Amino acid sequence: MSFSAEDKTRLDEIRSHYHDARAASVSVMRWVQRTNGYISDESLQDAAEYLGLPAADLEGLATFYNLLFRKPVGNHVIKVCDSVSCWMCGYERVRDRLRERLGIGFGETSEDREFTLLPVVCLGNCDNAPTLMVNDHLYDRVTPEGVDSILEAVRGHGGNRG
Amino acid sequence: MAEITPVLTRHIVEGNPPLDLAGYRAVGGYESLRVAVETMSPDEVREVVKESNLRGRGGAGFPTGVKWGFVPQGPDSPRPKYIIANGDEMEPGTFKDRLLIHGNPHQLIEAMIIAAWALQADVGYIFLRPEYEAGAHLLESAIEEAHAAGLLGDNVLESRWSFELHAHISAGRYICGEETALMNALEGRRPNPRSRPPYPAIAGLWGKPTIVQNIETLVCLPHIVANGAGWFRHLGLTEDSGTKLYCVSGMVEHPGNYELPIGVTLRELIYEHCGGMRDGRDFKAALPGGASTMFMSPDELDTPLDFTNLEKAGNRLGTAGVIVVDQDTSIVGMVLNLMHFFAQESCGWCTPCREGLPWIEDLLRDLVEGRGRKGDSRLLGHEMRMIGPNSFCALALGAEGPLLSALEKFPEEFEAYVTNVPDPTASIEAAPATVTEVGS
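Each value, and the rule that gives it
Residues numbered from 1 in each chain as written. Chains lettered and ligands numbered in written order. Predicted model: local features only at pLDDT ≥ 70, side-chain atom pairs only at ≥ 80, totals over all residues. Heavy atoms only, no water. Helix = DSSP H or I, 4+ residues; strand = E, 2+ residues; numbered from the N terminus. Rg over C-alpha atoms; globule rule 2.2 N^0.38 Å. Buried < 20%, exposed > 50% of the residue type's maximum accessible area, 1.4 Å probe, protein only. Contact = heavy atoms within 4.5 Å. Areas by Shrake-Rupley, 256 points an atom, 1.4 Å probe, with all protein chains shown as cover. Lys, Arg positive; Asp, Glu negative; His and termini not counted. Charge placed at Lys NZ, Arg CZ, Asp CG, Glu CD. Pairing = 2+ DSSP bridges. Axes fitted to C-alpha atoms, helices over the stretch in contact; angles between N-to-C directions. Domains from an automatic or database assignment. Patch = residues over 30% accessible without salt bridge, like charges linked within 9 Å, V, L, I, M, F, W, Y side chains within 5 Å. Salt bridge = Lys/Arg side-chain N within 4 Å of Asp/Glu carboxyl O. Buried area = accessible area lost by both parts, 1.4 Å probe. Core = buried A, V, L, I, M, F, W, Y, C linked by side-chain atoms within 4.5 Å. pLDDT = per-residue confidence, 0-100. Polar contact = N/O pair within 3.5 Å; in protein donor to acceptor, adjacent residues only side chain to side chain. Nonpolar A, V, L, I, M, F, W, Y, C, P; charged D, E, K, R; others polar.

Caption draft 1: Looking closely at the overall build of chain B. A count of helical and extended segments in chain B gives 19 helices and 10 strands. Its C-alpha atoms give chain B a radius of gyration of 23 Å, within 12% of the compact-globule value 22 Å for 440 residues. With respect to the principal axes defined by its C-alpha atoms, chain B has extents near 75 × 45 × 35 Å. Out of the 440 residues in chain B, the part that is buried amounts to 62%. Contacts in chain B between residues at least 24 apart in sequence constitute 72% of all its contacts with a sequence separation of at least 6. With the model as given, the accessible surface of chain B reaches about 16100 Å², and the carbon-plus-sulfur share is 52%. Across chain B, the 36 positively charged side chains and the 59 negatively charged ones have centroids separated by 4 Å.

Structure (C-alpha cells):
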C-alpha cells in the first residue's frame, strides 16, 4: 500500500495540528489503523516515509501504546475493562463468558476473524461497572447473559474500520 | 446534607447532547473570557486564581496559582508558551473528566482560553485518552465554532493576543497522564517521564514554558473569574476551596458523579448521596481518590474528603474517584487487581518499577491462589518500600498507597491466605541494617 493523493490531503490536515512531523506520529498511525484495521509493516514504512522519520521510531511508539495494533485484528475489537471497580462488580464472570463464547483468550482473534478480545485499563465508566467497549461503543453493567446479546447484535455488522 | 447548586456540571444533562456555542452563550458562556480579556490584565487573572486557592484536581493537589507563578512573563519570555489540558483520565475509579469533556466542551474551551490569557500562552492542546474519541470530536466541533466567533485564533476578542487550540487523541498508556510523560507523548517521543528540574513551567513542551492542568481544575476558571476568589473559597465546607466532582464506584446503591462542596465526609457521600451501601451490605473500606490512594477503614468514615484533611490523615484526595468496598470483597484480591494494573502500566523506564511491581503482583497472586507463605506480608511491605522511593516517577509511589495501607489496616486478610510453606524471609530480621535503610 502506498498513500493516495486523497490520503495525503487527509494526512496533511492531521499534520497541520502539530509543531513538527514527529509530533504527528501517533495521530498518523491512528489514522492508518482506522483505515486498515491495524498497522502492517508496509503501512508503518509508508507512514515513516510520509513523516520523514525512521520506521524504528514509529515502531517504538506503536509497540509502547496499548491501542496501536501491529498485528491484524478481528472485525470487532472487544475491550474489556479489567480495573478495580469492574473487578469488584463482576468483571471475571463477563471475561469468562466472552472466552467461552468466542473460544479465545485475551490477545487472540476468533477463527472467523470477527472478534479480537483485549483487556483494557479503566474505561472511565466505573459507575456502570462492569463495562466493556466494542470498537467505539461502550456497554454498561454487562452481565454474562448480556455478553450473548452484545455478540449477537454486533456479529456481521459494521466494524472497527472507517 | 450539604445542598448545593452545581457549578461545573450545571449545564450538563447526561444523555443529552452538549450545548453548542449559541446555547452556551445563552447561559452566560464566554462572558468570563470577555471579562478576563477585556477588563483584566493577565497578572490580575493569575492573582485571582492564586487567591482562590484552587488546587489541582488531577491527583497531586498542587496550588494552581503557585504553579502559574513559575511561568516566565514579559516581552523577553521564551515563546511559544503552551497550555495543556490533561484529559488522559486513566486512574482506575475515575470518571469525572469524561463527564466534563462530553457534557460541556465549550466550558473547557473557555477555561483553556482564560488560562492561556493569564499565562500569555500561544498554543494549547487538549490531551485525551483514545476511549474519549467521541469527546474529542465534540471538542473539535466546538473549537471550530469558537474560531469562527473570534474566540480563538488570531486576535482573540479583537485583542492583540492570539491563541490556537488543538485536541490530541492518544493511544492508551496510563503513564501519559504523568505531566512530563504527557509532554513526551505530545512531541511524538516514547512517553517516559522526564527528570525534574527543569520543571515544565520553565522548560516543557519542546523546551518551552508549559503548564499542564487537569480538566476539572481548568473548568473552575470561568466560574472563579465570574464570581471572584472569595466566592470560590467559600464554596468549600473546610479550608479547601470550590466544589469537587466525587466519582463514586464500587459497592454503593447509586454510583455516579456527584458535584458537592469540597470537604463532605465519606459517610455523607455514601449514605446520603449514594443511597448507602448496595443491598444493605456493610462498609469495609474505600479508596478516596483512585487506585493510587490509601485505604480508609470504617473508623475514618467521618473524615472530610478534601486535600487538607486527607493529607493530615496520611492519605490523599487524588482524583476523588471514591472506590467503595463492602464486607464480602477481599482486600487482598483487590490489591492484586491494583498491582496488576500498576505492573502492566509501568512504562519500563526504571528498574525498580519495571521489575519490582511484577514481583509484588506475583507474591500477591501466590497468596490468593493458595501458595502464600508465612512472612509474605512482611516481604510485600519490605519490597514495596524499596520500590517506591527508588523509582524515577510517581507511578510506583502510587502503587505503594493501596498496598501499604492494606497491609497496615487489614493485616488479618493477608494472614488468612498464609499456608504452611516455610518462611523464606526469616533471615531478614537478622540483618536489618542492610535491607531497611535503602528506601527510607
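Caption draft 2: Expanded view of the sheet that holds strand β5 (residues 243-250) of chain B. All names here are of chain B. Taken in spatial order, the four strands make up an open sheet running β6-β5-β8-β7, and their pairing is mixed. The open sheet is flanked by β6 (256-261) and β7 (283-287), the only strands paired with a single partner. Mean inter-strand twist for the sheet, computed between neighbouring axes without regard to direction, equals 30°. Bridge count between β5 and β6: six bridges; the pairing is antiparallel.

Caption draft 3: Representation of the domain arrangement of chain A. As far as domains go, chain A holds domain 1 (5-64) and domain 2 (76-154). Computed over C-alpha atoms only, the centres of domain 1 of chain A and domain 2 of chain A are separated by 29 Å.

Caption draft 4: Quick look at a nonpolar patch on the surface. Together, B:Phe62, B:Val66, B:Phe70, B:Tyr199 and B:Ile202 make up an exposed nonpolar region whose accessible area comes to about 480 Å². Of note, B:Val66 is situated in helix α4 (residues 64-69).

Caption draft 5: Summary view of the domain arrangement of chain B. All names here are of chain B. The domain architecture assigned to chain B consists of domain 1 (21-233), domain 2 (236-326) and domain 3 (331-436). The C-alpha centroid of domain 3 is placed 25 Å from the C-alpha centroid of domain 2. Opposite the 13 residues of domain 2 that make contact, domain 3 presents 13 residues. Summing both partners gives a buried area of about 1000 Å² for domain 2 against domain 3, and 74% of it is carried by carbon and sulfur. Looking only at domain 2, the three residues that lose the most surface to domain 3 are Lys284, Ala291 and Phe295, adding up to 54% of its buried area. Joining domain 2 to domain 3, the criterion identifies two salt bridges.

Caption draft 6: Here's a closer look at the nonpolar core. Residues A:Ile78, A:Leu98, B:Tyr246, B:Phe295, B:Met334, B:Leu357 and B:Leu364 are the most contacted members of the largest nonpolar core, which totals 136 residues. A per-element tally of this core places helix α14 (residues 331-345) of chain B first, with 10 residues. Setting aside anything within four residues of it in sequence, one finds B:Leu357 in contact with B:Phe342, B:Ala343, B:Pro352, B:Met384, B:Ile387, B:Leu395, B:Ala396 and B:Ala399. Residues B:Ala115, B:Ala118, B:Ile126 and B:Ala142 belong to the second largest nonpolar core, which totals 61 residues.

Caption draft 7: Quick look at the confidence of the model for chain B. Residue and element names in this part refer to chain B. A residue-level look at chain B finds 95% of positions with pLDDT of 70 or above and a mean pLDDT of 94. Ignoring residues within four places in sequence, the model shows residues 430-440, a span with pLDDT below 50, making nine contacts including any to other chains. Across the assembled chains, the prediction reports ipTM 0.95 with pTM 0.94.

Caption draft 8: Representation of the side chain of A:Thr116 within the structure. Residue and element names in this part refer to chain A. Locating Thr116 in the fold gives a position in strand β3 (residues 115-120). Among the polar contacts made by the side chain of Thr116, one reaches the side chain of Thr109 at a distance of 2.7 Å. For Thr116, the contacting residues outside a window of four places in its chain are Val73, Gly74, His76, Val77, Ile78, Glu108 and Thr109.

Caption draft 9: Inspection of the pattern of salt bridges at higher detail. All names here are of chain B. In total, this model carries 40 salt bridges over all chains according to the counting rule given. Close ionic contact of Arg267 with Asp302 constitutes a salt bridge, the shortest N to O distance being 2.8 Å. Here the residue Arg267 occupies a position in helix α12 (residues 266-273), and Asp302 occupies one in the loop between β7 and α13 (307-312), the gap between them amounting to 35 residues.

Caption draft 10: Focus on the interface of chain A and chain B. Facing 37 residues of chain A, the contacting portion of chain B comprises 53 residues. Between chain A and chain B lies a buried interface of about 3600 Å² when both sides are counted; carbon and sulfur atoms form 58% of it. Between B:Glu133 and A:Arg34 there is a salt bridge; the shortest N-O distance is 2.9 Å. At the level of elements, α2 (25-36), α4 (55-64) and α5 (84-88) of chain A are the ones that each hand at least two residues to the side of chain A that touches chain B. Of the residues in the side of chain A that touches chain B, the class split is 19 nonpolar, 10 polar and eight charged.

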